[in-house]
Amino acid sequence: MRKLSAAEIDAAVQLLLKMKLEYKQVTGQDYKAGSPPSENSAPFNGATADGSNDEDTVDPWNVSTTNAKGVDYDKLIVRFGSSKIDQQLVDRIEKVSGQKPHRFLRRGIFFSHRDMHQVLDAYEKQKSFYLYTGRGPSSEAMHVGHLIPFIFTKWLQDVFDIPLVIQLTDDEKYLWKDLTIEECHRFAVENAKDIIACGFDVNKTFIFSDLDYMGASPEFYRNVVKIEKHVTFNQVKGIFGFTDSDCIGKISFPAIQAAPSFSNSFPQIFGSRKDIQCLIPCAIDQDPYFRMTRDVAPRIGYPKPALLHSTFFPALQGAQTKMSASDANSSIFLTDTPKQIKTKVNKHAFSGGKDTVEEHRKHGGNPDVDVSFMYLTFFLEDDEQLEKIRQDYASGALLTGELKKMLIDTLQPMIAQHQERRKQVTDETVKQFMTPRPLNFKH
């Protein structure tokens, strides 16, 4: 056997080091022989291992794609390593809950999951679970896109009759945005009013601000510290893309978003029990937090939280980006008047129609890129009516103006009713929801 020259050995070592470095950049973890990367190791910005980013950027702070139809969710499932919510799972949820599946499930708006079958297995054996979702209160006004996880979470709470915790990450917004602590806390309380207006049951729902609860609950803080001990700086850099110039609060924040996944963070609800499974309905851009959480859970003796992921609610300008509270024209706010809703939809909603009526009648529109049609898939309950609208628009029988009017007629009463319910939410109601207390929980 030929003896390798020093230069060849040196080149091989350099190649190995380069590969280890690439592995670390992609997974956020040091390479260990015989130890495959753990599930929190998907790259934070969705870049694929070969460095191409497949046109879609999806992380907790940025969502964008070059495709007018929106993010390619099937690719995202592969990239994040989650599972598709298929018809079999939808049928199973119907069977176990005894209720018709929510339209978000029927239409693939909630499209991906982690361990949902396990949750249903346990529920069938009379083992309960609890729900956890949240909101980052970056402004006083919420938009319709923010309602998606809450509408679905309320349905889950109703059909499974289980407790729910809702985290308001006012601390996160203080760390990330140019806001005072007082502003962030005030936004949290204002956002809580909109969340309560979705109709949650006060006997089964605890809403908390991190700035309040973290200092008032030793058990919650202990879990934060346990999580912090088991995640390295390299891992959070790999998962979230933090750099050396990020403040240290950002680096430790993921542990705070992870802590509500463990039942003993809420002793007033679950006592000291740490074995109660958590189910998290959220938009898929939040998944990196929970990949990290699921990786840590077994190492600190807790069950992994299960997840249900939703698609993004597109901006009025098109599905290339998600709706943003910071751009008034990209969003329909929950405070908008009927007139504002009408103007925004007519003026800004991206159309899949043709340039002239003649062309549209002849060739039809494209519902897959039409924002008004996309919004109707979120809010119109009747499946048959929705399918008829799709066919009529694609055939040219239905014009863009008529489709926009259908959306306006759907949104105006929906938002007016929300505003009416929000008016009924007093400071006393908010206090009830936000006070740590026992909830109706069937053990």
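Residues numbered from 1 in each chain as written. Predicted model: local features only at pLDDT ≥ 70, side-chain atom pairs only at ≥ 80, totals over all residues. Heavy atoms only, no water.

Let's talk about the packing of aromatic side chains
Inspection of every chain in the model, using the stated rule, returns 36 aromatic pairs. Centre to centre, the rings of Phe104 and Phe152 are 6.4 Å apart; their planes meet at 35 degrees, and the pair counts as tilted. Here the residue Phe104 occupies a position in helix α4 (residues 103–106), and Phe152 occupies one in helix α6 (residues 144–160), the gap between them amounting to 48 residues. In this structure, Phe104 and Phe152 share a single accessibility class: buried. Plain terms: the ring middles of Phe129 and Phe160 are 5.4 Å apart, the flat faces sit at 65 degrees to each other, and that makes the pair edge-to-face. One end of the pair, Phe129, is in strand β5 (residues 129–135); the other, Phe160, is in helix α6, with 31 residues separating them in the sequence. (Phe/Tyr/Trp six-rings, centres within 6.5 Å; stacked < 30°, edge-to-face > 60°. Helix = DSSP H or I, 4+ residues; strand = E, 2+ residues; numbered from the N terminus. Buried < 20%, exposed > 50% of the residue type's maximum accessible area, 1.4 Å probe, protein only.)

Some remarks on the sheet that holds strand β7 (residues 205–209)
The sheet built from 7 strands is open, its strands ordered β3-β4-β9-β8-β5-β6-β7 with mixed pairing. Each edge of the open sheet carries a strand with a single partner, namely β3 (83–84) and β7. Relative to strand β6 (residues 164–168), β5 is paired through 5 bridges, and the arrangement is parallel. Bridge pairing in β6 links Gly134 to Gln167. Here helix α14 (residues 287–296) sits on the sheet in contact with β4 (110–114), β5, β8 (277–283) and β9 (306–310), set at roughly 165 degrees to β9. (Pairing = 2+ DSSP bridges. Contact = heavy atoms within 4.5 Å. Axes fitted to C-alpha atoms, helices over the stretch in contact; angles between N-to-C directions.)

Details of the nonpolar core
Side chains of nonpolar character tend, in soluble globular proteins, to be buried together. Phe110, Phe160, Ile207, Ile332 and Tyr375 are the most contacted members of the largest nonpolar core, which has 68 residues in total. A per-element tally of this core places α6 first, with 9 residues. Mapped onto the domain boundaries, this core takes at least three residues apiece from domain 1 (59–316) and domain 2 (338–424). Once residues lying within four places of it in the same chain are set aside, the contact partners of Ile207 are Ile166, Leu168, Ala192, Ile195, Ile196, Phe433 and Met434. One finds Tyr132, Phe220, Phe242 and Phe262 within the second-largest nonpolar core, a separate group that totals 37 residues. (Core = buried A, V, L, I, M, F, W, Y, C linked by side-chain atoms within 4.5 Å. Domains from an automatic or database assignment.)

Structural notes on the pattern of salt bridges
Evaluation of the coordinates by the stated rule reveals 29 salt bridges. Its salt-bridge partner being Glu381, residue Arg106 comes within 3.1 Å of it at the nearest N-O pair. Of this pair, Arg106 sits in helix α4 while Glu381 sits in the loop between α17 (371–379) and α18 (383–395), placing them 275 residues apart in sequence. On the basis of relative accessible area, Arg106 is assigned to the partly exposed category, the value being 23%. We note a salt bridge from Arg422 to Glu190, for which the minimum N-O separation is 3.1 Å. Here the residue Arg422 occupies a position in helix α19 (residues 400–423), and Glu190 occupies one in helix α8 (residues 181–196), the gap between them amounting to 232 residues. Three or more residues are tied together by salt bridges with common partners; here these are Arg103, Arg106, Arg107, Glu381 and Asp383. (Salt bridge = Lys/Arg side-chain N within 4 Å of Asp/Glu carboxyl O.)

Quick notes on the domain arrangement of the protein
Segmentation of the protein into domains returns domain 1 (59–316) and domain 2 (338–424). The distance between the C-alpha centroids of domain 1 and domain 2 comes to 30 Å. Taken together, the contact between domain 1 and domain 2 spans 21 residues of the former and 23 residues of the latter. Taking both partners together, domain 1 and domain 2 bury about 2,000 Å²; carbon and sulfur atoms supply 59% of that area. (Buried area = accessible area lost by both parts, 1.4 Å probe.)

With respect to α6
For an α-helix, 3.6 residues make a turn, and residues three or four places apart therefore share a direction. For α6, which comprises 17 residues, the first-to-last C-alpha distance of 25 Å matches the rise-based estimate of 24 Å (1.5 Å per residue) to within 8%. Along α6, 14 of the 17 residues are buried, which leaves the element largely enclosed by surrounding structure. Looking one or two residues beyond α6, the residue adopting positive phi is Asp161, at roughly 55 degrees. (Expected span 1.5 Å × (residues − 1).)

Brief notes about the state of the cysteines
All told, the structure shown has 0 disulfides when counted by the stated rule. With no disulfide of its own, Cys198 has Cys282 as its nearest cysteine by sulfur position, at a separation of 16 Å. Cysteine Cys247 remains unbridged, with the sulfur of Cys184 as its closest cysteine sulfur at 12 Å. The class of Cys247 is partly exposed, set by a relative accessible area of 33%. (Disulfide = S-S within 2.5 Å.)

Description of helix α3 (residues 87–97)
Considered for burial, the residues of α3 that qualify are Leu89, Val90, Arg92, Ile93, Val96 and Ser97. Looking down the long axis of α3, one finds its buried residues gathered within 160 degrees of arc, a one-sided arrangement. Across α3 from its buried face, at more than 90 degrees, point the exposed residues Gln87, Gln88 and Lys95. Tucked inside the fold, the buried residues of α3 contact α4, β4, α5 (116–124) and α6. (Arc of directions from axis to C-beta.)

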